[in-house]
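# A structural walkthrough
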Amino acid sequence: MKEFIVTVVPTKNPAILKFETNHFITKNNNYEFKNIDEAKNSPLAQQLFYLPFIKTVYISGNFIGLERYDIVEWDDVKDSVAQQLVDYLNEGEPVVNEDDNKKKVAVTVYAEVTPNPAVMKFVTNKKIVPTTFEFKNIDEAKESELAKQLFMLPFVKEVFFDENYVSISKYEVAEWDDITLELREKIRDFIAEGHEVVSATSLQKQKTDTPQAKLEDTNLDDTSKQIIDILEEYVKPAVASDGGNILFKSYEAETKTVNVILQGACSGCPSSTYTLKNGIETMLKNMMGDKVQEVVALNG
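A short tour of the structure in this document, coming up. (Residues numbered from 1 in each chain as written. Predicted model: local features only at pLDDT ≥ 70, side-chain atom pairs only at ≥ 80, totals over all residues. Heavy atoms only, no water.)

### Concerning the overall build of the protein
- Looking only at helices and strands, one finds eight helices and 13 strands in the protein.
- Per-residue burial over the protein gives 46% buried out of 300 residues.
- Sequence separation of at least 24 residues holds for 58% of the intrachain contacts in the protein that already meet a minimum separation of 6.
- As presented, the protein carries roughly 15,900 Å² of accessible surface, and 48% of it is formed by carbon and sulfur atoms. (Helix = DSSP H or I, 4+ residues; strand = E, 2+ residues; numbered from the N terminus. Buried < 20%, exposed > 50% of the residue type's maximum accessible area, 1.4 Å probe, protein only. Contact = heavy atoms within 4.5 Å. Areas by Shrake-Rupley, 256 points an atom, 1.4 Å probe, with all protein chains shown as cover.)

### Considerations on the sheet that holds strand S10 (residues 165–170)
- In space, the five strands of this open sheet follow the order S6-S7-S10-S9-S8, with antiparallel pairing throughout. Only two strands of the sheet have a single neighbouring strand rather than two, namely strand S6 (109–113) and strand S8 (133–135). Taken pair by pair, the neighbouring strands of this sheet meet at an average axis angle of 20 degrees, ignoring direction.
- Both S6 and strand S7 (residues 119–124) contribute to a ladder of five bridges, which runs antiparallel. Across the sheet, Val113 pairs through a bridge with Met120, a residue of S7.
- Sheet contacts for helix H4 (residues 176–192): S6, S7, strand S9 (156–162) and S10; angle to S7, the most-contacted strand, approximately 35 degrees. (Pairing = 2+ DSSP bridges. Axes fitted to C-alpha atoms, helices over the stretch in contact; angles between N-to-C directions.)

### With respect to unusual backbone geometry
- Here Lys256, not a glycine, exhibits a phi torsion of approximately 60 degrees, which is positive.
- Its place among the elements puts Lys256 in the loop between strand S11 (244–252) and strand S12 (257–264).

### A word on the packing of aromatic side chains
- Across all of its chains, the model carries five aromatic pairs by this definition.
- Each ring, one from Phe53 and one from Trp74, has its centre 6.2 Å from the other, and the planes form 90 degrees; the classification is edge-to-face. With a gap of 21 residues between them, Phe53 in the loop between helix H1 (43–48) and strand S4 (54–59) and Trp74 in helix H2 (residues 74–90) connect regions that are remote in the sequence.
- For Trp74, a relative accessible area of 5% gives the class buried.
- Taken together, the aromatic side chains of Phe19, Phe53 and Trp74 make up a single cluster linked through ring pairs.
- The lysine or arginine in question, Lys18, covers the ring of Phe63, its NZ or CZ lying 4.4 Å from the ring centre. (Phe/Tyr/Trp six-rings, centres within 6.5 Å; stacked < 30°, edge-to-face > 60°. Lys NZ or Arg CZ within 6 Å of the ring centre and 35° of its normal.)

### A short note on the environment of Ser169
- The topology assignment puts Ser169 in strand S10.
- Sequence-wise, Ser169 and Ser267 are 98 residues apart; in three dimensions their C-alpha atoms are separated by 9.5 Å.
- In this structure Ser169 touches Ala118, Val119, Phe155, Val156, Lys157 and Glu158, once residues within four positions along its chain are discounted.

### Examining H2
- The terminal C-alpha atoms of H2 lie 23 Å apart, and with 17 residues this matches the ideal 24 Å at 1.5 Å per residue to within 8%.
- Of the surrounding elements, those touching the buried residues of H2 are strand S1 (6–10), strand S2 (16–21), H1, S4 and strand S5 (63–68).
- Following H2 by one or two positions, Gly92 has its phi on the positive side, about 80 degrees. (Expected span 1.5 Å × (residues − 1).)

### Some thoughts on the pairing of S5
- Of all six residues making up S5, six are buried, and the element is well covered by its neighbours.
- Residues Phe63, Gly65 and Glu67 point to one face of S5 and Ile64, Leu66 and Arg68 to the other, with burial holding for every one of them.
- Here five bridges tie S2 to S5, and the two strands are oriented antiparallel to one another. Each residue of the ladder has a partner; that of Phe19, found in S5, is Ile64.
- Here five bridges tie S4 to S5, and the two strands are oriented antiparallel to one another. Bridging across to S5, Ile59 finds its partner in Ile64.

### Details of the sheet that holds S1
- Strand order in the open sheet formed by five strands is S1-S2-S5-S4-S3, and the pairing between neighbours is antiparallel. What marks the edges here is a single partner per strand, and that holds for S1 and strand S3 (31–33). Pairs of neighbouring strands in the sheet enclose a mean axial angle of 20 degrees, with direction left out of account.

### A short note on the pattern of salt bridges
- The tally for this structure, following the rule as stated, stands at 13 salt bridges.
- Two residues, Lys136 and Glu134, come together in a salt bridge whose shortest N-O distance is 3.6 Å. (Salt bridge = Lys/Arg side-chain N within 4 Å of Asp/Glu carboxyl O.)

### Quick notes on helix H7 (residues 222–241)
- Counted at 1.5 Å a residue, the expected span for H7 with its 20 residues is 28 Å, and the 28 Å between its end C-alpha atoms agrees.
- Within H7 the residues assigned to the buried category are Thr223, Ser224, Ile227, Ile228, Ile230, Leu231, Val235, Lys236, Val239 and Ala240.
- Once H7 finishes, Gly243 follows within two positions and takes phi at roughly 85 degrees, a positive value.

### Quick notes on the side chain of Thr21
- Mapped onto the fold, Thr21 is located in strand S2.
- Among the polar contacts listed, one links the side chain of Thr21 to the backbone oxygen of His23, at a separation of 2.7 Å.
- Setting aside anything within four residues of it in sequence, one finds Thr21 in contact with Phe4, Ile5, Val6, Asn62, Phe63 and Leu89. (Polar contact = N/O pair within 3.5 Å; in protein donor to acceptor, adjacent residues only side chain to side chain.)

Right, dumping it as structure tokens:
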């Protein structure tokens, strides 16, 4: 019988702690439970919800993530929680009652060309992530099993996820005619098997970096918030249709410069400079007057 050891690992969010285990506790699946009713298939999560300070339970391959209410501090309870997890796991009790015969999800995926010849867009008929994620290499993809599997293919250079599509950037060693079918089937099969595209932990981290979160940032000036609104309403839908994304980075009031980040098909696209200067920059100048002089892509 395996002997479990639990290590407490802090996260960037002070309300969330990770309790890492030295053995896998699920079959490569990720789970998030907001309350005891949602946790009906997880005896461990149900037991944790009897602790009055537990707000959310995340269970992944080799860790349990716990979000607390503000009624306690983790320093006061983390050791006792860790011991409770060790005792539970070493008793051999089930973590999650996983259905090995889970029915496949009906999903279709089709390939769509983009203005960037190095990027292909794979569109699904269902929502796969709630917001955008970009992975430049396999090390960055540790929280996404699908991205990791795609990076195992030697011709995959970068991976970008948006709500209902995957944009893949390739190396020149391969032609799209030779690899598109393989990529499409790999993405379709992964989603059809019901796997999470991005882990619950990564989703929690990403919530703090969304445009909505930026707009709620009291440290952000009104001009920056106005720029974000314009980008969200007028620019993002257009670049998303081409398999890309644009993120507001900063506004320099002295030089009236807007700094942005290009992602997906927009990153490294031969036509991105033209779009940036003659499209986005012109739009912001027209809508914001003399507040904007230039738009610069920090990665362009």
